[in-house]
Amino acid sequence: MDLRFSRTELEFRDRLRAWLADTVPRLPAQPHWDDWPARRRYDTAWQRQLFEAGYAGVDWPAEHGGLGATPTEQLIFLEETAKARAPYVGANFVGLLHAGPTLITEGTEEQRSRHLPGILCGDDVWCQGFSEPDAGSDLASLRTAAVRDGDRYVVNGRKVWTSMAQVADYCELLVRTDPAAPRHQGISWLILPMDTPGIEVRPLRTATATSEFSELVLDGVRVPAANRVGAENDGWRVAMVTFAFERGTAFIGELVESRGMLAEIVRIARSTPDRAGGLLWDDPGLRREAGRFSAELHGLWALIRKNVSEASAGLVPVEGASVFKLGFTENRQRLGDLAAHVLGRAGLTMSDRLVEDRVAKLAYTIAAGTSQIQKNILAERVLGLPKER
């Protein structure tokens with residue numbers, strides 16, 4: 001593992017910083033957070049700018065439109081764009097961070113040639129159809145059925161918490177193709193075109209009033225067998241590859257954001273009077289808590305570097321991804337508690353960004369595999385403890 005940047009990587013960072021400094025200030029205002037057609041247009045337009053500038057899919061193969069750079073340069077890209085307050089991947093996140101890397105690792109040459117260019121240039125938006133009303137944390141109990149009929153699968157079932165479904169072109173879909181097989185062995189990973197007849201999208205309203213998530217109802221949906229990624233009934237293993245990418249690097253932007261959030265909390269504490277006539281920052285307990293958060297965030301960043309270093313060696317950092325996902329999401333929720341403590345009565349209103357963030361991030365320890373699931377993975381794969389019955 002090498003945690004230092006090479007000269008080439010530092011030169012890449014400097015070029016990227018210069019491009020961001022010139023480009024980001026000239027971007028149009030972002031649309032309303034719940035106007036999904038407008039957000040799709042905005043996010044895909046930004047992705048097109050990245051593509052044309054040579055910054056789309058930094059670590060993707062050059063033959064599929066990427067830069068062919070190292071995973072470390074991709075890490076630099078994510079950190080620098082977050083620092084520059086450039087648009088996040090937004091509506092493109094499932095394709096860029098989940099489906100695309102999975103297709104590179106597990107897809108056929110035809111699947112990669114068909115789908116990767118559209119993801120990179122912003123033409124195609126993806127959503128994820130994994131969770132179900134009765135199969136969230138226990139994803140292997142999913143019931144959405146796919147029955148083979150000639151050269152197609154006929155899919156029936158329901159999916160839930162499907163991000164960006166209302167504006168997506170494709171869905172990475174987990175289905176049960178062998179109901180008689182052990183539950184982890186009877187699952188397949190399909191590419192579902194979202195304009196296929198039989199799909200109903202039902203937007204869901206969250207606690208923060210956004211409709212990012214939807215429920216999918218699949219009624220007799222016919223999916224070409226050629227859209228299966230990996231072998232039939234091997235979808236659980238393919239999904240674990242998807243999860244490794246989702247948990248290992250998909251939160252990098254949020255980690256950089258957490259640093260800024262901690263700095264804002266400290267700024268507020270240093271300027272807010274306390275009841276004793278001093279400042280909130282005079283409290284040694286608060287200063288100690290802020291210092292601990294700072295140390296944890298630096299440790300999580302080092303772990304990200306380790307995971308990226310493993311990816312550079314051709315490994316899929318499953319265990320490291322689970323450690324990061326577990327540590328970061330629980331850290332972010334406790335950071336929200338610290339913000340609520342510092343804000344005091346102001347924390348009773350949803351108008352403050354820190355308060356809204358605290359409510360929204362309650363889902364972090366659930367999304368992409370709950371904290372309990374991450375602990376099970378680490379107990380079994382790292383500590384060698386027996387599996388749960």
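On a predicted model such as this, the values are computed, not experimentally measured, just so you know. (Residues numbered from 1 in each chain as written. Predicted model: local features only at pLDDT ≥ 70, side-chain atom pairs only at ≥ 80, totals over all residues. Heavy atoms only, no water.)

Topic: the packing of helix α4 (residues 93–106) against helix α5 (residues 109–121)
To keep it simple, the criterion reads: Axes here refer to lines fitted to C-alpha atoms; in helices the fit is confined to the stretch in contact. Angles between the N-to-C directions go from 0 to 180 degrees. Segments assigned H or I by DSSP are reported as helices when at least four residues long, segments assigned E as strands when at least two residues long, and all are numbered from the N terminus. Reported orientations rely on four angle classes, namely roughly parallel under 35 degrees, roughly antiparallel over 145, roughly perpendicular from 65 to 115, and oblique for the rest. Two helices crossing with the near one rotated counterclockwise from the far one by less than a right angle form a left-handed crossing, whereas a clockwise rotation gives a right-handed crossing. In what follows, a contact means two residues having at least one pair of non-hydrogen atoms within 4.5 Å. Nonpolar residues are Ala, Val, Leu, Ile, Met, Phe, Trp, Tyr, Cys and Pro. Charged residues are Asp, Glu, Lys and Arg, and all others, Gly as well, are polar.
One can describe the packing of α4 onto α5 by two numbers: an axis separation of 10 Å at closest approach and a directional angle of 155°. As summarised for this structure, α4 and α5 are arranged roughly antiparallel, according to the angle between their axes. The hand of the α4/α5 crossing is left-handed. Contact with α4, carried on its side by Gly95, Leu96, Gly100, Leu103 and Ile104, involves Arg112, His115, Leu116, Ile119 and Leu120 of α5 and no other residues of that element. Its residues placed into classes, the contact of α4 with α5 shows six nonpolar, three polar and one charged.

Details of the pairing of strand β1 (residues 126–129)
Every regular strand shows the same layout, with side chains that alternate between the two sheet faces. Note the cut-off: Each residue's exposure class comes from its accessible area (1.4 Å probe, protein chains only) as a fraction of the maximum for that residue type: buried when under 20%, exposed when over 50%, partly exposed otherwise. When DSSP finds two or more bridges between a pair of strands, those strands are recorded as paired.
Judged by which residues are buried, β1 turns out to be covered on both faces: Trp126 and Gln128 on one side and Cys127 and Gly129 on the other are all buried. By the bridge criterion, four bridges tie β1 to strand β4 (residues 170–176) in an arrangement that is parallel. Considered in β4, the bridge of glycine 129 is made with leucine 173.

Let's talk about the pairing of strand β3 (residues 152–159)
Sheet topology note: the strand β2 (residues 145–149)/β3 ladder contains five bridges and is antiparallel. Across the sheet, the residue bridging to valine 147 is valine 154, located in β3. In textbook terms, the turn of a hairpin is the stretch between consecutive antiparallel strands, and for β2 and β3 this stretch comprises two residues, one of which, glycine 150, has a positive phi near 70°. Two elements, β3 and strand β7 (residues 214–224), share seven bridges in a ladder whose sense is antiparallel. The residue bridging lysine 159 from the neighbouring strand is leucine 216, located in β7.

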